[in-house]
Amino acid sequence: MRRLWKLAQCAAVMSLVAAPAIAQDSTTKFIVGYAPGGGNDLSARVVAEALTNSTDRTFIVDNKPGAGGRLAAEFVSKAAPDGTTLLATGNSVVSMAAAIYSNLAYDPINDLVPVAIIADYPQLVLIVAADHPAKTFEEFVEWSKANPEKSNYAAVAPAYTIPTEQLKLASGLQAEAVSFKSSSEALVGVLNGEITFLLGDHNTTLPTVEGGQTRALLVTGTDRISQLPDVPSAGELGFPEVASSLWTGIFAPKGTTPEQAEELAGMISNVLKDEAVQGKLKTIGVTAGTLVTDEFKVQIGKEVEAISSVVEAAGLKFE
Amino acid sequence: MTDSIYNLGMGFGVALSPINLAMCFLGALMGTLVGVLPGVGTVATVAMLLPLTFGMPPETALIMLAGIYYGAQYGGSTTSILVNIPGEASSIITAIDGFKMAQKGRAGKALAVAAIGSFVAGCVSTLLVSILGEPLTEVALAFGAAQYFSLMVLGLVLAVVLARGSVVRALSMVALGLLLAMIGSDLESGAQRMTFGLPELSDGLNFSVVAMGLFGFAEIFRNLEDDGVDRSVLTQKIKGLMPTWQDLKSCFMPVVRGTALGSVLGILPGGGATISSFAAYTLEKKVSRNRTEFGRGAIEGVAAPESANNAAAQTSFIPLLTLGLPSNAVMALMIGAMMIQGIVPGPQVIEKQPELVWGLIASMWIGNLMLLVINLPLVGIWVKLLRVPYRLLFPSIVVFCSIGMYSINNSPFDVIMAGVFGLVGYVLVKWDFEPAPLILGMVLGLMVEENLRRALIISRGDTSVFFTSPLSLGLLLLSGALLILAVLPSISGKRNEVFVEED
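This is a predicted model, so every value here is computed, not measured.

K.L.:
Tell me what's going on with the overall build of chain B, and back it up with residues and numbers.
P.N.:
In terms of regular secondary structure, chain B is built from 23 helices and 2 strands. Taking 23 Å as the expected radius of gyration for a compact globule of 503 residues, we find that chain B reaches 22 Å, a close match to that expectation. Dimensions of chain B, computed from the C-alpha atoms along their principal axes, are close to 60 × 60 × 50 Å. Counting only contacts in chain B whose residues sit at least 6 apart along the sequence, the fraction spanning at least 24 positions is 80%.

Encoded structure:
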């Protein structure tokens, strides 16, 4: 009798353990390869919350930081293609990784199925300290040629380093790369004069431009940005190829069928059309994405080509 | 000055609203409970509890986050004292004397002094933040790569100096720590160093994992070996949970000195807060009348570092509020939280949304008060926990530690590494090496290397840059002087008298 009772207890406990496993099937995880609070993470959270509210599935964000986001990519590329594990990440892990790293643990093009872009990052801004003698970009290039030993730029991530190197090649700007682990450390460097300039995103650059501690000399891409109407774009200055198209996108593991990808993309597009979601994305400094599945894949292909040519021309090495 | 008082008053007006007070209390409570789990450090705690703040108005969310932050810090100190497991870099020092006090049955006093010292430091540094916030930012900006390098060198020397026993042993531990810090990706080229092809190591060793293994698991292995010899002390009636007036009097100056050091060092983005606690400890050890007790359970050895790290925790908000720059990982999370709320931290936040900034500053003080209110009564409970028979206590510690570590990166690899370091720590202690300098070396090693290389790239290879800056030169000279002072007694044979080994 005691044995039966003990067996029953065991069964009860085991069914408790099994219960979450059954419930899991209606939960989809966005795996984010960075610590909470970063751009990719925040965009993923906004979309996950909106999807949970508008569909009958639960979407949660799971952070797996490491190796610049590539650990998470490897994890998802090996996951089961049943729609419960998706990757939320940026170009550096997909298109840039394909172009610059030679020994990845996953194949960014073939092991990950592009589903949709959820956030587009606006153009990058080039800032120098407010007390720097150069007032325009042309003056800055002249200054850097006259003072190559004093000209440094902050290299934070391939996403910013590659456009900077492109700019150097196109305009003749001279500068030595100084590595930093985060944009905010790089910003301190600019403020105390050790670093001459940095090319960064809006959240890093705009606050100090508005506060007067730094000055913006150009923005990447072809159009000016609304927050800085007096700052010329790279296109206007004669370097239209210096553009950055950073995004946060959702990817599914290898083996996901085109139908599954379309279904997911449809859900995400619906949510991105919601004004509340667009508003939330705007406050974190991004705009809602538009590309899905095949168009997304084409975009990635274009980026890989563009980046590879810059890397070759500038002789950049990444390991 | 009157402006600041007015602003602070406005801040209190915001912070003292019932809902904000309640959220601050809730945050502090949860932060303490989560932070007290061995293995869960401040960053992990704040990251875990961050989603709770999403639905709230900005001031409330930030106030709750501040409460969580302090709670987690204090929780980390609690585990340092009770079970010798530092929650994060700034609690390592608390573990040295705090745990010894716990082993002698004085855990209650240690915990209480930590809480009181932290509160006093919090009051003073809140005032500093409100009055001197803007000018102090200038200090933060005065530190470039060369100055940081020299500061970190000072930190390394402090790590050697504060160890008991042989200087050579301490130096070798620091060196080993520096080597361990090299594991991971090279910052400049991305090359993998000593990672043995494991992608999990490409970001280097995680502090919590190493601290857990080196301090926590090693301690458990040792206790299991000794089989209950030392623990009889704890089953005796614990004389007085609260510190006596005599205790508090002897802690007064350590708290003052700790607060001063911590306030200054906390401002430096990136590394200041870490070394504030061991700078305070070393300073105390040098000037205290009770210096022979340091390392064996001196109450000043808990008061000074705790005050220092709480003061540093407060002043590390300064670069965040004035320039939008995070001084450490927790501040970076705060920025993320602010952005979700629609605030982009930067120089204009203090002008455009003053009630937010001053409300946050006021809530720092309230958060500290909450911690005192929550923790002093809890001291009795914590101490009772120590009386649990060890054969029941240590499996729980191991389980909690493992859960804590797994929760950092959702990676079983981290738990295995902690086990490995547990073995390493056990071996080290057996052979009379101290683990504290090792982990300090590891924490500082990365920053030392990063700043050295950055300074040299900027100067295009010119090493004189470390000596031409007065700040850098001063720090290096101080490091040299301290090192010589540490070595001198052993040359003249006196050091061994001062540091009688514990059996």
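K.L.:
Give me the overall build of chain A: which residues, what numbers.
P.N.:
In terms of regular secondary structure, chain A is built from 11 helices and 11 strands. For chain A, the spread of C-alpha atoms along the principal axes amounts to about 90 × 40 × 35 Å. Expressed as a percentage of its 319 residues, the buried residues of chain A come to 50%. Summarising the internal contacts of chain A: among those between residues at least 6 apart in sequence, 74% fall at separations of at least 24.

K.L.:
Describe in detail the packing of helix H6 (residues 107–141) of chain B against helix H13 (residues 300–315) of chain B, supporting the description with residues and values.
P.N.:
Residues and elements named next belong to chain B. Closest axis-to-axis distance for the H6/H13 pair is 7 Å, and the angle between their directions is 35 degrees. For the element pair H6 and H13, the recorded crossing hand is right-handed. Grouping the constituent residues of the contact of H6 with H13 by class yields 11 nonpolar, 9 polar and 1 charged.

K.L.:
So what about the interface of chain A and chain B? Which residues, and what values?
P.N.:
Quoted interface sizes are often the accessible area lost when the parts come together. Contacts between chain A and chain B engage 37 residues on the former and 36 residues on the latter. For the side of chain A that touches chain B, the secondary-structure elements that each account for two or more residues are helix H3 (70–77), strand E7 (176–179), helix H7 (183–191) and helix H8 (202–211) of chain A. Partitioning the side of chain A that touches chain B into residue classes produces 14 nonpolar, 12 polar and 11 charged.

K.L.:
Tell me about the pairing of strand E6 (residues 152–155) of chain A, residues and numbers included.
P.N.:
All names here are of chain A. Neither face of E6 is exposed, since Asn152 and Ala154 on one face and Tyr153 and Ala155 on the opposite face are all buried. In terms of strand pairing, E6 meets E7 through 4 bridges, oriented parallel. Among the inter-strand pairings, Ala154 is bridged to a residue of E7, identified as Val178. One crossover worth recording links E6 to the parallel E7 by way of helix H6 (residues 158–171), and it is right-handed.

K.L.:
Give me the domain arrangement of chain A: which residues, what numbers.
P.N.:
All names here are of chain A. Here chain A is described as being made up of domain 1 (21–121 + 246–314) and domain 2 (125–219). The straight-line distance from the C-alpha centre of domain 1 to that of domain 2 is 29 Å. Listed as interface residues are 12 residues of domain 1 and, on the opposing side, 10 residues of domain 2. Those elements giving two or more residues to the side of domain 1 that touches domain 2 turn out to be helix H4 (95–100) and helix H11 (293–314). With 4 residues, H11 is the single largest residue contributor to the side of domain 1 that touches domain 2. Grouping the amino acids of the side of domain 1 that touches domain 2 by side-chain chemistry returns 8 nonpolar, 4 polar and no charged.

K.L.:
Any details on the sheet that holds strand E4 (residues 112–120) of chain A? Residues and values, ideally.
P.N.:
Residue and element names in this part refer to chain A. Sheet architecture is open: 6 strands sit in the order E2-E1-E3-E10-E4-E11, paired in mixed fashion. Looking at the sheet topology across the chains shown, the edges are occupied by strand E2 (58–63) and strand E11 (287–288). Where strand E3 (residues 85–90) and strand E10 (residues 247–253) come together, 4 bridges link them in antiparallel fashion. In the sheet register, Thr89 faces E10, and the bridge partner there is Gly249. With respect to the sheet, H11 is in contact with E4 and E10, its orientation differing from that of E4 by roughly 85 degrees.

K.L.:
Tell me about helix H2 (residues 39–54) of chain A, and name the residues and values.
P.N.:
All names here are of chain A. For H2, with 16 residues, the first-to-last C-alpha span of 23 Å sits near the 22 Å given by 1.5 Å per residue. In terms of burial, H2 is largely enclosed, as 12 of its 16 residues are buried. Looking only at H2, the buried set comprises Gly39, Asn40, Asp41, Leu42, Ser43, Ala44, Arg45, Val46, Val47, Ala48, Ala50 and Leu51.

K.L.:
Describe the pairing of strand E1 (residues 27–32) of chain A, naming the residues involved and giving the relevant values.
P.N.:
Each regular strand displays side chains that alternate between the two surfaces of the sheet. Residue and element names in this part refer to chain A. Within E1, 5 of the 6 residues are buried, leaving the element largely enclosed by the surrounding structure. Sheet analysis places E1 next to E2, joined by 6 bridges and oriented parallel. When the bridges of E2 are listed, Lys29 appears paired with Ile60. As judged from the 4 bridges shared by E1 and E3, these two strands associate in the parallel manner.

K.L.:
Account for the packing of H6(A) against H11(A), with residues named and values stated.
P.N.:
Residue and element names in this part refer to chain A. Look at H6 against H11: their axes get within 10 Å of each other, and the N-to-C directions meet at 60 degrees. Compared by their axis directions, H6 and H11 come out oblique. The way H6 lies across H11 gives a crossing that is left-handed. Side by side, H6 and H11 meet where Ile162, Glu165, Gln166 and Leu169 of the first sit next to Ile307, Val310, Ala313 and Ala314 of the second.

K.L.:
Which residues make up the nonpolar core, and what values do they have?
P.N.:
One broad trend across soluble globular proteins is that nonpolar side chains are buried collectively. Grouped together as the largest cluster of nonpolar side chains are 197 residues, with contacts concentrated most on A:Ala154, B:Val46, B:Leu65, B:Val160 and B:Ile439. Residue contributions to this core peak at 15 residues, all from H6(B). Once residues within four sequence positions are removed from consideration, B:Val46 is found in contact with B:Leu65, B:Ile68, B:Tyr69, B:Ala72, B:Val330 and B:Leu333. Counting 63 residues, the second-largest nonpolar core is a separate cluster that includes A:Val46, A:Val76, A:Val94 and A:Leu246.

K.L.:
Give a detailed account of the confidence of the model for chain A, specifying residues and quantitative values.
P.N.:
Residues and elements named next belong to chain A. Residue-level pLDDT values for chain A average 83, and 91% of them are 70 or greater. Within chain A, helix H5 (residues 137–146) carries the highest mean pLDDT (92), whereas helix H1 (residues 2–24) carries the lowest (51). Contacts from residues 16–24, a stretch scored under 50 in pLDDT, to residues over four places away or in other chains number 0 contacts.

K.L.:
Go over the environment of B:Pro199 with me, naming the residues and quoting the values.
P.N.:
Checked against the element boundaries, B:Pro199 lands in the loop between strand E2 (192–193) and helix H9 (207–226). Taking the number of C-beta atoms within 10 Å as the measure of exposure, B:Pro199 has 17 and is therefore partly exposed. The spacing of B:Pro199 and B:Ala140 is 59 residues in sequence and 35 Å in space, taken between C-alpha atoms. Other than its neighbours up to four places away in sequence, B:Pro199 contacts A:Ala67, A:Leu71, A:Glu74 and A:Ala105.

K.L.:
Tell me about the environment of B:Leu158, and please be specific about residues and values.
P.N.:
All names here are of chain B. With respect to the secondary-structure elements, Leu158 resides in helix H7 (residues 145–161). Measuring from C-alpha to C-alpha, the distance between Leu158 and Asn375 comes to 31 Å, with 217 residues separating the pair along the chain. Excluding anything up to four places from it in sequence, Leu158 contacts Ile275, Phe278, Ala279 and Thr282.

K.L.:
Summarise unusual backbone geometry; cite the residues concerned and give the values.
P.N.:
The general pattern is negative phi for most residues beyond glycine and trans for most peptide bonds. Of note, the phi angle at A:Thr293 is positive, near 25 degrees, even though the residue is not glycine. Mapped onto the elements, A:Thr293 comes out in helix H11. Of note in the backbone geometry, B:Asp432 takes a positive phi value of approximately 75 degrees without being a glycine. Tracing the backbone shows B:Asp432 in the loop between helix H19 (412–430) and helix H20 (435–458).

K.L.:
Please provide a residue-by-residue account of the confidence of the model for chain B, values included.
P.N.:
Low pLDDT marks stretches whose predicted atomic positions should not be read closely. Residue and element names in this part refer to chain B. On average, residues of chain B carry a pLDDT of 79, and 90% of them reach 70 or more. Within the model, the stretch residues 494–503 combines pLDDT values under 50 with 9 contacts to residues more than four positions away or in other chains. Predicted as a complex, the structure gets a pTM of 0.76 and an ipTM equal to 0.72.

K.L.:
So, the environment of B:Val120: which residues are in play, and what are the values?
P.N.:
Residues and elements named next belong to chain B. For Val120, the location among the structural elements is in helix H6. We classify Val120 as buried; it has 23 C-beta atoms within 10 Å. Between the C-alpha atoms of Val120 and Arg391, which are 271 residues apart in sequence, the distance is 38 Å. Contact partners of Val120, with chain neighbours within four places excluded, come to Val255, Thr259 and Ser307.

Thresholds, definitions, all that
- Within each chain, residue numbers correspond to sequence positions counted from 1 in written order.
- Think of it this way: whatever chain is written first is A, whatever ligand is written first is 1, and the rest follow in order.
- Predicted model: local features are reported for residues with pLDDT of at least 70 only, side-chain atom pairs are reported and counted for 80 or more only, and whole-chain, interface and lining totals are derived from all residues.
- Counting from the N terminus, the helices are DSSP H or I runs at least four residues long and the strands are E runs at least two residues long.
- Here the globule rule is a power law, 2.2 Å times the number of residues to the power 0.38, and the radius of gyration is based on C-alpha atoms.
- Two residues qualify as a contact pair if the distance between their C-beta atoms, derived from the backbone, is within 7 Å.
- Any residue with 12 or fewer other C-beta atoms within 10 Å of its own C-beta is exposed, any with 20 or more is buried, and the rest are partly exposed; the C-beta atoms used are placed from the backbone.
- Axis definition: a line fitted to C-alpha atoms, over the contacting stretch in the case of helices. Angles run 0 to 180 degrees between N-to-C directions.
- By definition, any crossing whose near helix is turned counterclockwise from its far helix by less than a right angle is left-handed, and any crossing with a clockwise turn is right-handed.
- Residue polarity follows a fixed list, in which Ala, Val, Leu, Ile, Met, Phe, Trp, Tyr, Cys and Pro are nonpolar, Asp, Glu, Lys and Arg are charged, and the others, Gly among them, are polar.
- A strand pair is defined by DSSP finding two or more bridges across the two strands.
- Handedness of a crossover is defined as follows: with both strands directed away from the viewer, a clockwise route from the first strand across the helix to the second makes it right-handed.
- An automatic or database domain assignment provides the domain bounds reported here.
- Working rule for helices: expected span equals 1.5 Å times residues minus one.
- Angle categories: roughly parallel below 35 degrees, roughly antiparallel above 145, roughly perpendicular from 65 to 115, and oblique for all the rest.
- To count as a nonpolar core, a set of buried Ala, Val, Leu, Ile, Met, Phe, Trp, Tyr and Cys residues must be joined through C-beta atoms within 7 Å.
- pLDDT runs from 0 to 100 and stands for how confident the predictor is about each residue.

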